[in-house]
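For reference, the chains in residue letters:
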2 protein chains.
Amino acid sequence: MNYTEEYGLPSQISISEYLFHRLNQLKIWTIFGLPGDFNMPLLDKLYSIPTMRWAGNTNELNAAYAADGYSRLKHLGCLITTFGVGELSAINGVAGSYAEHVGILHIVGMPPTSAQTKQLLLHHTLGNGDYSVFYRIANDIACHTAIINDTDLCADEVDNCIRAAWGYQKPVYLGVPVNQVDIPVDSSRLNNPIDLSILKKTKETDAQVIDLLLKQMYSASKPIIVVDACVRRHDALKETHALCELTNFPVFVTPMGKGTIDESYKNFGGVYSGSLSSPEVREVTDFADFVLFIGAILPEFSTSTFHFGFKKKNCCILFPTSVKIKKATFPDMLLKGTLQSLVDTIEPSKITYKHQAKVDIIAPKMEPSDSNLLRQEWVWNEISHWFKENDIIITETGSSAFGINQTRFPTNTIGINQALWGSVGFALCSCLGALFAVEEKTVVKHNLEIKLRNYNRNIFTENRTILFVGDGAFQLTVQELSTIIRWKLKPYIFIMNNNGYSVDRFLHHRSDASYYDVQPWNYLYLLELFGCTSFETRKIVTVSDFKELLADESFAKPDKIRMIEIMLPQSDVPKTLIARWQAEKELSNKRAGDFSENSSENSSPTIDPHWVKKQYLGPVTPTSSLSTELHSRSQMYL
Amino acid sequence: MNYTEEYGLPSQISISEYLFHRLNQLKIWTIFGLPGDFNMPLLDKLYSIPTMRWAGNTNELNAAYAADGYSRLKHLGCLITTFGVGELSAINGVAGSYAEHVGILHIVGMPPTSAQTKQLLLHHTLGNGDYSVFYRIANDIACHTAIINDTDLCADEVDNCIRAAWGYQKPVYLGVPVNQVDIPVDSSRLNNPIDLSILKKTKETDAQVIDLLLKQMYSASKPIIVVDACVRRHDALKETHALCELTNFPVFVTPMGKGTIDESYKNFGGVYSGSLSSPEVREVTDFADFVLFIGAILPEFSTSTFHFGFKKKNCCILFPTSVKIKKATFPDMLLKGTLQSLVDTIEPSKITYKHQAKVDIIAPKMEPSDSNLLRQEWVWNEISHWFKENDIIITETGSSAFGINQTRFPTNTIGINQALWGSVGFALCSCLGALFAVEEKTVVKHNLEIKLRNYNRNIFTENRTILFVGDGAFQLTVQELSTIIRWKLKPYIFIMNNNGYSVDRFLHHRSDASYYDVQPWNYLYLLELFGCTSFETRKIVTVSDFKELLADESFAKPDKIRMIEIMLPQSDVPKTLIARWQAEKELSNKRAGDFSENSSENSSPTIDPHWVKKQYLGPVTPTSSLSTELHSRSQMYL
């Protein structure tokens with residue numbers, strides 16, 4: 001039975017139905033966004049397909065973040081907003097998807113074509129008759145933009161948009177004027193799957209590139225492989241793993257690529273983050289004579305402050321659509337295809353490199369007693385032991401993003417973070433998106449005959465979705481918790497409560513500045529307030545609280561939503577953040593010429609490293625002043 | 001004692017201190033925003049001036065809305081965000097200020113100049129080395145943009161930015177690279193007040209315009225004056241009132257101008273909103289042979305669907321910086337000056353118009369019994385009697401924005417709404433901004449020696465700040481309630497709970513569509529959850545509940561924060577919204593040529609007007625099905 005028969009479609013359907021059927025074919029079943037004046041006729045069409053569901057987010061920025069989280073697991077996220085107010089509210093989230101290579105189809109319900117032509121001064125306009133301004137703005141953060149207008153070509157245009165978002169893993173902007181929602185198109189197009197290929201390889205270049213790459217891989221005596229985020233984005237996991245096996249090279253992940261390589265893999269070396277890497281990692285990477293960098297997210301990283309500091313001469317970089325070998329760039333090379341060619345061609349016997357035993361990267365440095373209060377350093381090492389296979393682990397920009405790099409991920413763990421764009425508030429919403437995606441994977445796997453859109457379904461997923469978010473960050477997008485509850489999704493939400501924006505407090509070295517403070521909330525009451533009926537909440541203050549939590553077997557099963565408030569001292573940060581501070585200090589000294597001219601004391605810190613060590617490392621006993629501060633906070637609403 | 005002596009300033013201060021001192025001189029004491037990597041050195045400078053305070057919002061969009069609300073009372077709002085993530089999160093709020101003519105100084109902390117020049121791939125960038133993209137985007141929604149770079153001219157540039165935002169009542173974008181925060185400037189500049197004048201009038205044009213205007217005002221036999229929002233924005237209240245007195249013409253306000261004219265004024269005729277006006281209003285306005293439109297916010301409104309439908313030939317329009325008389329536009333005419341010239345020149349004896357008794361606009365149509373459930377129609381008429389002089393009344397886009405137009409404002413009431421831009425979620429945050437502004441006016445009036453930035457101060461303001469917000473809209477920006485609590489501000493928050501996005505439900509005529517639903521929250525628990533210790537909450541279900549509330553004298557005193565949940569039937573909208581629906585229906589019939597071609601049933605509704613009347617008007621008794629629905633909702637968490 002072909003698609004139109006299966007869905008009982010007439011020979012002609014509307015372009016908006018066509019659009020949603022195309023998404024349905026790719027199993028993109030959850031659509032994110034808010035209703036608005038100009039997108040409602042479009043939303044009505046969504047409901048004609050039984051598997052499709054409307055997430056119904058609480059605001060547009062949250063919706064954009066959620067679509068991003070969903071896309072990181074399903075290869076494409078779809079966001080629908082309304083003209084002007086809606087699309088602009090979402091724009092920071094879409095820009096994040098652009099920066100981080102995440103495929104997003106952003107559909108904007110627009111005023112009728114006639115109103116645009118006549119420059120009518122509708123609401124949601126700037127009042128100056130300029131209807132193109134938002135489209136113009138969108139151009140800067142999209143790999144492709146289009147507006148549905150042409151009756152003959154609109155179905156092709158929809159396919160183009162989906163193909164571009166899927167293939168380039170970047171946002172695409174598609175405007176749908178409210179009067180164009182019903183343009184008729186032939187439904188028979190749906191009987192041919194959409195062509196998702198974006199580039200056609202030229203054979204000659206391919207051979208030349210493979211030849212150049214292999215030559216270096218064969219001759220290197222101290223080679224490494226570094227795996228970045230685009231390996232997962234561009235669906236090249238299998239090929240990457242195969243290449244690692246065939247070469248036997250030590251393999252590292254970037255912070256954004258963490259979770260891409262099985263961390264129990266025999267050659268896994270740890271998280272490589274340039275000068276911020278651990279001494280164990282640097283011992284290998286700093287002396288590499290060849291680096292194969294796979295799935296790089298940044299077009300250049302030698303100039304980045306927080307990314308990598310390779311010597312270019314030893315480095316070959318596989319980007320999503322090009323390859324860079326030393327100084328030469330080869331365009332139109334798709335990551336997955338290039339890797340496959342390497343795997344097909346490589347002759348392992350020609351490899352010079354002799355396998356060496358890997359170094360272990362996790363070594364807990366602290367053995368606090370049970371009555372001790374918590375410290376980031378200890379918590380992040382400890383939580384590693386609680387992680388399980390197939391976990392989805394989401395970390396917020398802030399101390400969690402640093403802490404997570406000192407954990408070890410079990411097999412098939414997927415990590416989600418926003419290390420480049422770094423928009424605070426992202427994590428909670430992307431957690432919602434990930435939860436939808438995980439649920440849909442379960443539905444597919446078990447052929448569950450469930451209408452996904454039913455709020456009262458109860459689907460048990462094998463994957464646990466685990467969020468780490470700071471108290472400050474949590475406040476930015478708190479209302480999206482309500483959407484998680486509405487859909488009866490079951491994440492673990494660890495609120496790392498350190499009384500405000502502690503990372504900034506640390507990096508800017510102004511622990512007294514009141515702009516880092518946030519209003520203290522009774523976080524654990526939120527679930528009930530938002531209408532949740534089945535949940536568990538815990539407040540964790542001491543080392544023994546934390547140990548008990550991790551030892552509790554019922555806690556480990558993701559059968560309800562759980563919120564855990566981890567009380568941490570205000571002046572406590574993960575080890576990796578201290579490393580970043582030191583690196584930034586070195587860098588700012590190096591750049592003294594730029595910075596010192598007009599800089600304030602605060603923008604180029606002159607802190608005694610011993611002070612930092614004393615302040616931010618080592619165990620805390622309940623008699624210290626920090627513990628008083630923390631106890632008074634944790635008692636506040638007990 | 002001059003300014004530098006008063007503040008004990010050295011001869012040279014940093015450009016950032018200079019900026020904040022300039023704002024301090026204009027009594028712009030509250031700065032909105034969030035800290036971020038690139039704005040922290042700037043924020044440190046803020047704290048050097050004892051009166052200045054940092055609001056510390058919960059996210060950037062909320063901060064932009066709050067700055068907008070503040071500016072509507074104080075003529076200028078200042079917003080500080082960080083590069084990329086921060087400024088983009090705020091952009092929808094800033095675009096709203098652009099559309100609605102609200103003066104905003106948006107300061108963005110940028111990466112150091114050297115990083116920009118070298119295209120370093122810092123976080124908060126798109127990862128493509130393009131540092132100009134956000135500045136480019138800002139250009140479309142600002143009347144002036146600048147980046148602090150030049151040591152010699154930077155103080156002039158700061159003055160330019162403040163002048164433009166103040167004078168044109170539009171957003172201004174000012175980028176401050178983190179390494180430019182300390183550029184030294186002469187503090188003695190501060191001893192001369194900033195020149196805020198934006199245009200120098202040319203005398204000849206002025207005389208010609210005044211002459212043309214007066215000729216028509218003298219000869220009209222059925223003249224009216226319509227007052228729009230820019231009268232307040234451009235500080236022309238006094239002149240407008242004087243002109244009304246001298247002419248004795250009937251005077252109306254637009255929905256956005258509501259509150260600008262004293263509604264107990266003898267010639268006040270009501271709210272004029274074109275074809276949506278009440279029959280009483282249309283009786284006068286439809287037959288006008290001359291319209292003096294003062295402080296118009298839109299450059300053109302004859303083409304607007306929801307604004308006005310004047311015949312151009314009878315209309316003279318005073319814009320903020322120009323005058324339009326029939327088809328002729330006279331540029332460079334400042335509103336305030338033009339009005340003053342009119343007032344100075346007019347000879348009332350030459351006026352043809354004979355004063356007529358005005359019609360009354362409020363006539364309650366419904367007399368429900370005490371046990372009846374509430375209806376929008378009755379609630380909005382009733383609440384009018386509770387309003388007092390000097391109230392600040394803020395309404396959200398949605399049913400409140402329509403309902404408020406059927407209330408009568410007492411003397412000196414100020415209305416805040418976002419009728420043109422219509423961004424849902426605006427009202428709660430602009431309420432925060434208004435609360436700060438009101439508090440500062442009280443401080444000035446009573447010479448209170450209070451450091452404003454102290455969280456523990458307790459200032460009793462004469463003005464009550466009253467917010468009406470729907471349950472759906474409230475969810476979009478809920479966290480800003482936390483900032484209101486943090487600063488111990490004392491608004492009345494009326495949550496008009498009609499179970500979702502009812503306005504859209506009504507206008508789109510799809511009462512069953514689930515995308516209008518929102519997750520039900522236990523709204524009244526929020527205050528405590530966000531850490532509030534002194535408050536009052538009430539849930540109002542019946543007519544007698546509502547009458548008791550309004551009769552309670554202690555309730556009328558703004559001595560603590562109050563949250564009142566008004567339970568309304570889901571399918572209930574204010575009368576003015578039904579008028580809008582009818583007008584849109586007429587319009588869509590007129591435009592059938594455009595709309596019917598490819599339109600869905602839903603985009604051009606074909607509803608029986610009798611159905612609408614039956615569904616949305618008339619009293620409800622607790623035995624009806626509506627009441628069952630409502631009761632079940634209201635019992636849910638009692």
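Every value quoted in this text rests on a predicted model; they were computed, and no experiment measured them.

What follows is about the overall build of chain A. The secondary structure content of chain A amounts to 25 helices and 21 strands. Taking all 638 residues of chain A together, 65% fall into the buried category. Of the contacts made within chain A by residues no fewer than 6 positions apart, 77% connect residues no fewer than 24 positions apart. Carbon and sulfur atoms make up 51% of the accessible area of chain A, which totals about 22,000 Å².

All names here are of chain A. Listed under "binding site: Mg(2+)" (unreviewed entry) in the UniProt record, and renumbered for this structure, are Asp 471, Asn 498 and Gly 500. Across 30 residues of sequence, these annotated residues stay compact in space, with a maximum C-alpha separation of 6.8 Å. Residue position: Asn 498 is located in the loop between strand 19 (492–497) and helix 19 (502–507). In this fold, Gly 500 is placed in the loop between strand 19 and helix 19. Gly 500 sits in the buried class, given a relative accessible area of 6%. Once you skip the residues sitting within four places of it in the chain, Gly 500 turns out to touch Asp 471, Gly 472, Arg 505, Tyr 516 and Val 518.

Okay, the packing of aromatic side chains next. Taken as a whole and assessed by the stated rule, the structure comprises 50 aromatic pairs over all chains. Here the aromatic cluster, defined as three or more aromatic residues joined through ring pairs, consists of Trp 380, Trp 386, Phe 387, Phe 409, Phe 468, Tyr 492, Phe 494 and Phe 555 of chain A. Here the guanidinium or amino end of Lys 258 of chain A rests over the ring plane of Phe 409 of chain A, the centre of that ring lying 4.0 Å away. Above the face of the Tyr 492 of chain B ring, Arg 464 of chain B is positioned so that its terminal group lies 5.7 Å from the ring centre.

All right, on to the relation of the copies chain A and chain B then. Taken as rigid bodies, chain A and chain B are interconverted by a rotation of 180° and an axial shift of 0.0 Å, the fit giving an RMSD of 0.0 Å. On this basis, the relationship between the two copies can be described by a two-fold rotation axis. When each C-alpha of chain A is compared by its distance to the rotation axis, Ile 137 of chain A comes out closest, at 2.9 Å. The residues that chain A uses at the interface reappear at the interface of chain B in 100% of cases, marking a shared surface.

Another point: the nonpolar core. By size, the foremost hydrophobic cluster in this structure holds 266 residues, and its most contacted members are Leu 105, Phe 474 and Leu 481 of chain A together with Leu 23, Phe 474 and Leu 481 of chain B. Residues within four places of Phe 474 of chain A in sequence aside, it is in contact with Leu 428, Val 469, Leu 481, Ile 493, Ile 495, Tyr 523, Leu 526 and Met 563 of chain A.

Residues and elements named next belong to chain B. Within the open sheet, the 6 strands sit side by side as 17-16-18-19-21-20. Their pairing is parallel. Of all strands in the sheet, those with a lone pairing partner are strand 17 (414–416) and strand 20 (535–540), marking the two edges. This sheet shows a mean twist of 15° between the axes of neighbouring strands, independent of strand direction. This element, helix 21 (residues 543–551), spans strand 19 (492–497), strand 20 and strand 21 (561–567) of the sheet and lies at about 150° to strand 20.

Residue and element names in this part refer to chain A. Two elements in contact, helix 14 (residues 376–383) and helix 21 (residues 543–551), have axes separated by 11 Å at closest approach and are oriented at 15°. In terms of their interaxial angle, helix 14 and helix 21 are classed as roughly parallel. Where helix 14 crosses over helix 21, the two elements pack in a sense that is right-handed. On helix 21, the residues touching Trp 378, Val 379, Glu 382 and Ile 383 of helix 14 are Val 543, Phe 546, Lys 547 and Leu 550.

Considering all chains together, one arrives at 53 salt bridges over all chains under this definition. The partner of Lys 350 of chain A in a salt bridge is Glu 347 of chain A, and the shortest N-O contact between them spans 3.3 Å. Of the charged contacts, one joins Lys 266 of chain B and Glu 245 of chain B as a salt bridge, the two residues approaching to 3.2 Å between their closest N and O atoms. Of this pair, Lys 266 of chain B sits in the loop between strand 10 (251–253) and strand 11 (268–271) while Glu 245 of chain B sits in helix 11 (residues 237–247); the two residues are 21 residues apart in sequence, bridging distant segments of the chain. The exposure class of Lys 266 of chain B is partly exposed, given its relative accessible area of 44%. With a relative accessible area of 44%, Glu 245 of chain B lands in the partly exposed category. Shared partners join several salt bridges into a network, and the residues in it are Glu 536, Arg 538, Asp 552, Asp 559 and Arg 562 of chain A.

For the rest of this paragraph, the subject is the interface of chain A and chain B. Each partner contributes residues to the interface: chain A has 96 residues there, and chain B has 96 residues. At the surface where chain A touches chain B, the tally comes to 2 salt bridges. Across the pair Asp 140 of chain B and Arg 136 of chain A runs a salt bridge whose closest N-O atoms are separated by 2.5 Å. For the pair chain A and chain B, the interface holds 31 residue pairs in polar contact (both at pLDDT 80 or more). Contributing elements (two or more residues each) for the side of chain A that touches chain B: helix 3 (40–46), helix 4 (60–74), helix 5 (85–99), helix 7 (133–139), helix 17 (471–476), helix 18 (480–486), helix 20 (526–529) and helix 23 (592–595) of chain A. A class-by-class count of the residues in the side of chain A that touches chain B yields 45 nonpolar, 34 polar and 17 charged.

Rules used throughout
- Residues numbered from 1 in each chain as written.
- Chains lettered and ligands numbered in written order.
- Predicted model: local features only at pLDDT ≥ 70, side-chain atom pairs only at ≥ 80, totals over all residues.
- Heavy atoms only, no water.
- Helix = DSSP H or I, 4+ residues; strand = E, 2+ residues; numbered from the N terminus.
- Buried < 20%, exposed > 50% of the residue type's maximum accessible area, 1.4 Å probe, protein only.
- Contact = heavy atoms within 4.5 Å.
- Areas by Shrake-Rupley, 256 points an atom, 1.4 Å probe, with all protein chains shown as cover.
- UniProt positions renumbered as here; feature names shortened; annotations may be inferred.
- Phe/Tyr/Trp six-rings, centres within 6.5 Å; stacked < 30°, edge-to-face > 60°.
- Lys NZ or Arg CZ within 6 Å of the ring centre and 35° of its normal.
- Least-squares fit on C-alpha atoms with pLDDT ≥ 70 in both.
- Core = buried A, V, L, I, M, F, W, Y, C linked by side-chain atoms within 4.5 Å.
- Pairing = 2+ DSSP bridges.
- Axes fitted to C-alpha atoms, helices over the stretch in contact; angles between N-to-C directions.
- Parallel < 35°, antiparallel > 145°, perpendicular 65-115°, else oblique.
- Left-handed = near helix turned anticlockwise from the far one by under 90°.
- Salt bridge = Lys/Arg side-chain N within 4 Å of Asp/Glu carboxyl O.
- Polar contact = N/O pair within 3.5 Å; in protein donor to acceptor, adjacent residues only side chain to side chain.
- Nonpolar A, V, L, I, M, F, W, Y, C, P; charged D, E, K, R; others polar.

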